[in-house]
2 protein chains.
Amino acid sequence: MNRFKITELGRDFFWLRDAEREHLVRVLRLSPGDLVVGYDNTGREYTAVVVNIEDKSVTCRILSTDEPDVEAHTSVYIVAGLSKGERMDWVIQKGTELGMAGLIPLRAKRAIVHIEGKKAQDRVARWQKIASEAAKQSHRVLEPEIKEVSDWKDIKGLLPEDTQWIIPYEEEKSQRMAPVLGGMKAEHPVAIIIGPEGGFEESEVAWAKENLGAQSVSLGPRILRTETAAMAALTLVLGHFGDLG
Amino acid sequence: MNRFKITELGRDFFWLRDAEREHLVRVLRLSPGDLVVGYDNTGREYTAVVVNIEDKSVTCRILSTDEPDVEAHTSVYIVAGLSKGERMDWVIQKGTELGMAGLIPLRAKRAIVHIEGKKAQDRVARWQKIASEAAKQSHRVLEPEIKEVSDWKDIKGLLPEDTQWIIPYEEEKSQRMAPVLGGMKAEHPVAIIIGPEGGFEESEVAWAKENLGAQSVSLGPRILRTETAAMAALTLVLGHFGDLG
C-alpha cells in the first residue's frame, strides 16, 4: 500500500496537502476508495481510505491505527564530518534505511566543505528531505532528524546526556569494535563520530575522548571512504543490538 | 606512499606500464628517487624506488617485500541480482573497500536489467575496473574478482565446494542473521545472495535453499534498497568473523 506523510491528523480522518497530495493525485493517480497508509512521525501508522480529493488537499478516513515495530530499539546517531555533497546525501539516505535515529553534520578540522548561515540551513533542509524520503521508502514511522551544522563544542548538547560515543579512527590500531560494543548499554543512545574525507586530526580524537568520553575504534586494516566507514559502523552497532534482523 | 599495480615483476625490479605509468608520470608527476608501493595481486606488497622513467614504462627497484595482513581472513562473496548500473557500481566499490572476496552478477527473475554476450562482457570488464580501483584506494593486496554474468544454475560452480550460502529475503520474518552466522565456519567461504530492485521470487529462494543449502535470513523490518542490503549483510558477516576491526 502507498505510504504518505500526514499533513493534518484528526480523530477519524487525516489530510494530505502539497507534495503528498500531488504525489497521490498526479504521480500515483489514486482515487476515492483507494487504500493508503499514513504516518505522522510519532511512531504510529494509519490505514485509511481516500474519501475525497479537493483542490488543495486529500481527505482520508482512518480505518485502523497501528504502532509497527519497525524502528531500531537502540537509538544510533551519526555525527558526520562535512563531506562533499554526494557523500553526505548518501550517508543520510542509507543511514535512514538502516535505521539511524538522526545525524549531526560536523565542522571537522579537515572538512573541505565550508558552509555557514543561510547556506548551511538550506543544506540541512535538503538533507532532511532526503532523510524523510528514505524513511518513507523504508517504511519507517519516525524520520531521522538532521541537526544543524555544528562545531565540536556543540554536539554534546544536541544528544541525550547518556549517549555512548564511539569514534572510528584510522590510527586506532588496537581497540576493536566488538569489545567496545560489548561494553555498551542497549537502552542508552549511541553516537558514531565519522571524519570527513581527510580523516580526523589527532587533537580532535583526543578532544572527543576527553570531553565526550568517546572510545576510538578500528574498522580494520582496509582504508574506508568516509561514507563507507559511516555505513559499516552504523551496521555493526545496529547489528550488535539486534536491530538489523 | 603512492600505490601502483605492477605490470611486470622481476627479482629486484618491477615495471609499470600503460595506465599505471601514466598515473605515476602525468598525474602524480613522480621522478626517479621517489618511493612507491607496488602490488601484484598475489597478497604481496613491494616498497620500491623509481629508478627510470621510459617512454613506455617506469622501472622501480624493489627495496623490501611485505605480506600485509590487510585482507579479510574469511572469504565473503556477493552474488548480486543485476540492478541498474549505478547500484551495482556502488556495491562493487563499497564491497571492495569493506573486503569482499569477489562478486557474481546474477540474472535474477525480476532483474530489470538484461545483458547478454559482448555487452555483458564489457560490463564485467567495467565492474572489474571499479573493483581494482577501489582495491588500490583501500590498500588491499588482492583485487576482488568480478565473475561473469551468471544464471542461477551456474553460480554453484563458480565458488568453492564448501561455500556457506545465505540469502537475505524480505519475506523471511523469523530467521535472524546472528544465529545463522553463529553456525558458520570462519575457515569456509561465505556467499551472500542479494536480490535485484524487485527482490527475489519465492521460487528463487526455494531453489537456493534446495540446491545451494542456502539459509534465508532477515535484515530486519525496514525495507532496504538492494545496494543497502548488500552492504549491510557484507558488513555483518565480516564483522562477525572479526574482519572489520
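The model shown is predicted, which means the values in this text are computed figures rather than measured ones.

Rules used throughout
- Residues numbered from 1 in each chain as written.
- Chains lettered and ligands numbered in written order.
- Predicted model: local features only at pLDDT ≥ 70, side-chain atom pairs only at ≥ 80, totals over all residues.
- Heavy atoms only, no water.
- Phe/Tyr/Trp six-rings, centres within 6.5 Å; stacked < 30°, edge-to-face > 60°.
- Lys NZ or Arg CZ within 6 Å of the ring centre and 35° of its normal.
- UniProt positions renumbered as here; feature names shortened; annotations may be inferred.
- Helix = DSSP H or I, 4+ residues; strand = E, 2+ residues; numbered from the N terminus.
- Pairing = 2+ DSSP bridges.
- Contact = heavy atoms within 4.5 Å.
- Axes fitted to C-alpha atoms, helices over the stretch in contact; angles between N-to-C directions.
- Buried area = accessible area lost by both parts, 1.4 Å probe.
- Salt bridge = Lys/Arg side-chain N within 4 Å of Asp/Glu carboxyl O.
- Buried < 20%, exposed > 50% of the residue type's maximum accessible area, 1.4 Å probe, protein only.
- Polar contact = N/O pair within 3.5 Å; in protein donor to acceptor, adjacent residues only side chain to side chain.
- Domains from an automatic or database assignment.
- Least-squares fit on C-alpha atoms with pLDDT ≥ 70 in both.
- 1 Å grid on protein atoms, 1.4 Å probe; cavity = no way out; pocket = protein on both sides within 12 Å on 5 of 7 lines; lining within 4 Å.
- Points joined across faces, edges and corners; volume = space filled by probe spheres on them.
- Nonpolar A, V, L, I, M, F, W, Y, C, P; charged D, E, K, R; others polar.

Visitor: Mind laying out the packing of aromatic side chains, listing which residues take part and the relevant values?
Guide: Scanning the entire structure with this criterion turns up 7 aromatic pairs over all chains. One aromatic cluster is present, built from ring pairs that chain together Trp152, Phe200 and Trp207 of chain A. Between the NZ or CZ atom of Lys94 of chain A and the centre of the ring of Trp90 of chain B, over which it lies, the distance is 5.3 Å.

Visitor: Outline the UniProt feature "domain: Ribosomal RNA small subunit methyltransferase E PUA-like" (unreviewed entry) in chain A, supporting the account with residue identities and numerical values.
Guide: Under the local residue numbering, the UniProt record ascribes the feature "domain: Ribosomal RNA small subunit methyltransferase E PUA-like" (unreviewed entry) to residues 16-63 of chain A. The distance from the first to the last C-alpha atom of residues 16-63 of chain A is 16 Å, and the span holds 21% helix and 48% strand.

Visitor: Account for the sheet that holds strand 6 (residues 57-66) of chain A, naming residues and giving values.
Guide: Residue and element names in this part refer to chain A. Judged by pairing direction, the sheet is mixed, and its 6 strands sit side by side in the order 1-4-5-6-3-2 without closing on themselves. Lying at the two open borders of the sheet, with one neighbouring strand each, are strand 1 (3-5) and strand 2 (8-9). Pairing between strand 5 (residues 45-53) and strand 6: 8 bridges, direction antiparallel. Bridge pairing links Glu45 to Asp66 in strand 6. Contacting strand 1, strand 3 (13-17), strand 4 (35-39), strand 5 and strand 6, helix 1 (residues 18-27) runs over the sheet at an angle of about 90° to strand 3.

Visitor: Which residues make up the interface of chain B and chain A, and what values go with them?
Guide: In this complex, chain B contributes 34 residues to the contact, which on the side of chain A involves 34 residues. Buried area between chain B and chain A, both sides added, is near 3000 Å², and the carbon and sulfur share of it is 52%. Viewed at the interface, chain A and chain B are joined by 4 salt bridges. With a shortest N-O distance of 2.7 Å, Glu227 of chain B and Lys94 of chain A are connected by a salt bridge.

Visitor: Would you mind going over the pairing of strand 4 (residues 35-39) of chain B in detail, with residue names and values included?
Guide: All names here are of chain B. With respect to burial, strand 4 is a largely interior element, 4 of its 5 residues being buried. Inspection of the sheet shows strand 4 paired to strand 5 (residues 45-53) by 5 bridges, in the antiparallel sense. Among the inter-strand pairings, Val37 is bridged to a residue of strand 5, identified as Thr47. Hairpin geometry of strand 4 and strand 5 is characterised by an intervening segment of 5 residues between the two adjacent antiparallel strands and by a positive phi of about 65° at Asn41.

Visitor: Mind laying out the side chain of Ser150 of chain A, listing which residues take part and the relevant values?
Guide: Residues and elements named next belong to chain A. Along the chain, Ser150 turns up in the loop between strand 9 (145-146) and helix 4 (152-158). Judged by relative accessible area, Ser150 falls into the buried class, the value being 1%. At a separation of 2.7 Å, a polar atom in the side chain of Ser150 contacts the main-chain carbonyl oxygen of Glu148. Leave out the neighbours within four places in its chain, and Ser150 touches Ile104, Pro105, Leu106, Arg107, Ile155 and Leu158.

Visitor: Tell me about the environment of Glu145 of chain A, residues and numbers included.
Guide: All names here are of chain A. Among the secondary structure elements, Glu145 is positioned in strand 9. Accessibility expressed as a relative area gives 44% for Glu145, which makes it partly exposed. Sequence separation of Glu145 and Ser83 is 62 residues, and the distance between their C-alpha atoms is 18 Å. Those residues in contact with Glu145, other than ones at most four positions away along the chain, are Ala101, Gly102, Leu103 and Gln128. A polar contact of 3.3 Å, which involves the side chain of Glu145, links it to the side chain of Lys147.

Visitor: Explain the domain arrangement of chain A to me, and be specific about the residues and the numbers.
Guide: Residues and elements named next belong to chain A. When the domains of chain A are assigned, the result is domain 1 (2-66) and domain 2 (76-240). A straight line from the C-alpha centre of domain 1 to that of domain 2 covers 33 Å. Of the residues lining the interface, 10 residues belong to domain 1; the matching set on domain 2 comes to 7 residues. Across the interface of domain 1 and domain 2, roughly 770 Å² is buried in total on both sides, 46% from carbon and sulfur atoms. When residues of domain 1 are sorted by the area they lose upon contact with domain 2, Arg3, Tyr39 and Asn41 head the list and together hold 66% of the total. Our count for the contact surface shared by domain 1 and domain 2 stands at 5 residue pairs in polar contact (both at pLDDT 80 or more). Top contributing element to the side of domain 1 that touches domain 2 by residue count: strand 1, with 3 residues.

Visitor: Outline the pairing of strand 6 (residues 57-66) of chain B, listing residues and values.
Guide: Residue and element names in this part refer to chain B. Judged from the 5 bridges that link them, strand 3 (residues 13-17) and strand 6 form a sheet pairing that is antiparallel. The partner of Trp15 across the bridge, within strand 6, is Thr59. Counting the residues that bridge the hairpin from strand 5 to strand 6 gives 3 residues.

Visitor: Describe the sheet that holds strand 2 (residues 8-9) of chain B, and please don't skip the residues or the numbers.
Guide: Residues and elements named next belong to chain B. Reading across from one edge, 1-4-5-6-3-2 is the order of the 6 strands in this open sheet, with mixed pairing throughout. Each edge of the open sheet carries a strand with a single partner, namely strand 1 (3-5) and strand 2. Across 2 bridges, strand 2 lies against strand 3 in antiparallel orientation. Paired with Glu8 across the strands is Trp15, a residue of strand 3.

Visitor: Account for the relation of the copies chain B and chain A, with residues named and values stated.
Guide: Between chain B and chain A, the superposition needs a rotation of 180° and an axial shift of 0.0 Å, giving an RMSD of 0.0 Å. Such a turn and shift between the copies fits a two-fold axis. The overlap is high: 100% of the interface residues of chain B also sit at the interface in chain A, so the same surface is used on both sides.

Visitor: Requested: an account of empty space enclosed by the protein, with residues and values cited.
Guide: Tallied over the entire structure, the rule returns 3 cavities of 30 Å³ or more. Considering only enclosed or pocket space, the largest cavity measures out at about 70 Å³ in volume. Taken together, 14 residues line the largest cavity, and the ones lying closest to its centre are Met231, Ala232 and Thr235 of chain A together with Met231 and Ala232 of chain B. Secondary structure elements with two or more residues in the lining of the largest cavity: helix 2 (85-98) and helix 7 (226-240) of chain A together with helix 2 (85-98) and helix 7 (226-240) of chain B. Here the residues of the lining of the largest cavity are counted per class, giving 8 nonpolar, 4 polar and 2 charged.

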